[in-house]
Amino acid sequence: AEDARVDLQAWIDTESGYDFFALMASTNGTNFSGYQYSGDIAGYFGGWVNMALDLKRVGSLGDLRGESQVWFALIQNSDEIYNYEGVYVDEVVIEKITGGYASLTNDEFDHLQWGLANNQQLWGVDGADVQAPEAWAVTLGSDAITIAVLDEGVDLTHPDLAGKLVPGYDATDGGGSGGPSGDDAHGTGCAGIAAGITDNAIGVAGVARLAKIMPVRVAYDDGEGNWVTSDSWLADAIDWAVANGADVLSNSWGGGSPATVLTEAIANAKSNGRGGLGSVVLFAAGNANGPVQYPARLDTVLAVAATSPCDERKAPSSCDGEFSWGSCFGPEIDIAAPGVHMYTTDISGAAGYDPG
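Structure report, in brief. Residue indices follow the written sequence of each chain, beginning from 1 at its first position. At least 70 in pLDDT is required for a residue's local features to be given in this predicted model, at least 80 for side-chain atom pairs to be given and counted, and no such filter applies to totals for whole chains, interfaces and linings, which use all residues. Calculated side-chain values reflect all of the structure's heavy atoms, with hydrogen atoms and water omitted.

Attention shifts here to helix α5 (residues 260-272). Counting from the N terminus, the helices are the DSSP runs of H or I reaching at least four residues and the strands are the DSSP runs of E reaching at least two. Here the expected span of a helix is defined as 1.5 Å times the quantity of residues minus one. A rise of 1.5 Å per residue sets the reference length of α5, with its 13 residues, at 18 Å; its end C-alpha atoms lie 18 Å apart and thus fit the reference within 8%. Each residue gets one of three labels from its accessible area relative to the maximum for its type: buried under 20%, exposed over 50%, partly exposed in between, using a 1.4 Å probe on protein chains only. Among the residues of α5, those classed as buried are Leu-262, Ala-265, Ile-266 and Ala-269. On an axial view of α5, the arc spanned by its buried residues comes to 95 degrees, and they lie on one face. Counted as exposed and oriented over 90 degrees from the buried face of α5: Thr-260 and Glu-264. Against α4 (231-243), β12 (248-251) and β13 (280-284) lie the buried residues of α5. Arg-274, located one to two residues past α5, shows a positive phi value of around 55 degrees. This arc is built from the directions going out from the helix axis to the C-beta atoms. In this analysis, two residues are considered to be in contact whenever any of their non-hydrogen atoms come within 4.5 Å of each other.

The structure is reproduced here in structure tokens:
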């Protein structure tokens, strides 16, 4: 159990209702935890699912490396209402990580970051990544560059981020300096992907290894999965970031109706940021599996689409097994980048996506 990973491919056929298929592990043969696909999310679905279980982190059981023995289980549970459900397991592979998944830095989890270097960690395609090692051979970036992450806020004390943070801002009238509220973890995840501290023996590696992070809170979750924000908050946040030295504005949000105040703030960033050189303004294309959403469709921004580990657009039918969303597409797209199953930073402690 010191250096192993379990991968599998399965064809899942489910109907709506409570049913799931799981790849799980245990140290005693009874208490299992791990990776679960739920039919509740997808409803009626038939298609391939790719799963990978790394023993460094097995759900609620944590790190199972070094255990004298480990049990693995494939579990399919179906409700009693429907009759035509099942799972066909095509291939199960137990593989040694070292060598095939060599670390890029000394960060503990960088071998799971398929977006940096894709070695088929998620049954993907070799090389379907941003070629981070090749880029780092040219430059590690610069600590003179500041990336503003405009989102739900960034964990200000996270050990893989704190040393990179510059003073931030809360545009939601919540006070503070750009930190999140409660378990709002999306901004913390985005910050880790962009510029998490690299070569500090913990966590993940950031793409822009030397860049600074400016946390800017533009929204919060209402507790039911809905963002609470306003066009005036968003515009104010963009103006503040530009006025306080943001070179790059990273916006992993969108989808509202066009608003003059927001469009003008974006245009100002594009024209007048970086002391008149213009800031680089990036927006997510959207997750609605349709036309590119506002503000990403503006010609003043770079619209970013998401790709899967299999070198394809992230779609409900792509190989990643997340069936509920797809990256928006269309002529407005400027660039595409890895955008699903991104191993990254989470809020420290009990809050965030994972209570650990």
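Additional details are given in the paragraphs that follow.
Another aspect to go through is the sheet that holds strand β9 (residues 212-217). Pairing between sheet strands relies on hydrogen bonds along the backbone, with the strands arranged either parallel or antiparallel. Only strands joined by at least two bridges in the DSSP assignment are considered to pair. A sheet is described by the order of its strands in space; here 7 strands give the open sequence β8-β9-β7-β12-β13-β14-β15, paired in parallel fashion. Strands at the two margins of the open sheet, each flanked by one partner only, are β8 (169-170) and β15 (333-338). Summarising the sheet, β12 and β13 pair through 4 bridges and their orientation is parallel. Within β13, the position partnered with Val-248 by the bridge is Val-280. Lines are fitted to the C-alpha atoms to define the axes, a helix being fitted only along its stretch in contact, and any angle between axes, read from their N-to-C directions, falls within 0 to 180 degrees. Contacts between helix α3 (residues 186-195) and the sheet are confined to β7 (146-151) and β9, with β7 contributing the most and set at about 155 degrees to the helix.

When the centres of two rings from Phe, Tyr and Trp lie within 6.5 Å, Trp using its six-membered ring, the rings pair. Their planes under 30 degrees apart give stacked, over 60 give edge-to-face, and anything left gives tilted. Evaluated as defined, the whole model comprises 4 aromatic pairs. Where Phe-109 meets Tyr-343, the ring centres are 5.1 Å apart and the plane angle is 35 degrees; that geometry is what we call tilted. With Phe-109 in the loop between β6 (86-96) and α2 (132-136) and Tyr-343 in the segment after β15, this pair connects stretches of sequence that are 234 residues apart. With a relative accessible area of 12%, Phe-109 lands in the buried category.

Counting buried positions along α3 yields 8 of 10 residues, so the element is predominantly enclosed. Those residues of α3 that fall on the buried side of the exposure criterion are Gly-187, Thr-188, Gly-189, Cys-190, Ala-191, Gly-192, Ala-194 and Ala-195. Tucked inside the fold, the buried residues of α3 contact β7 and β9.

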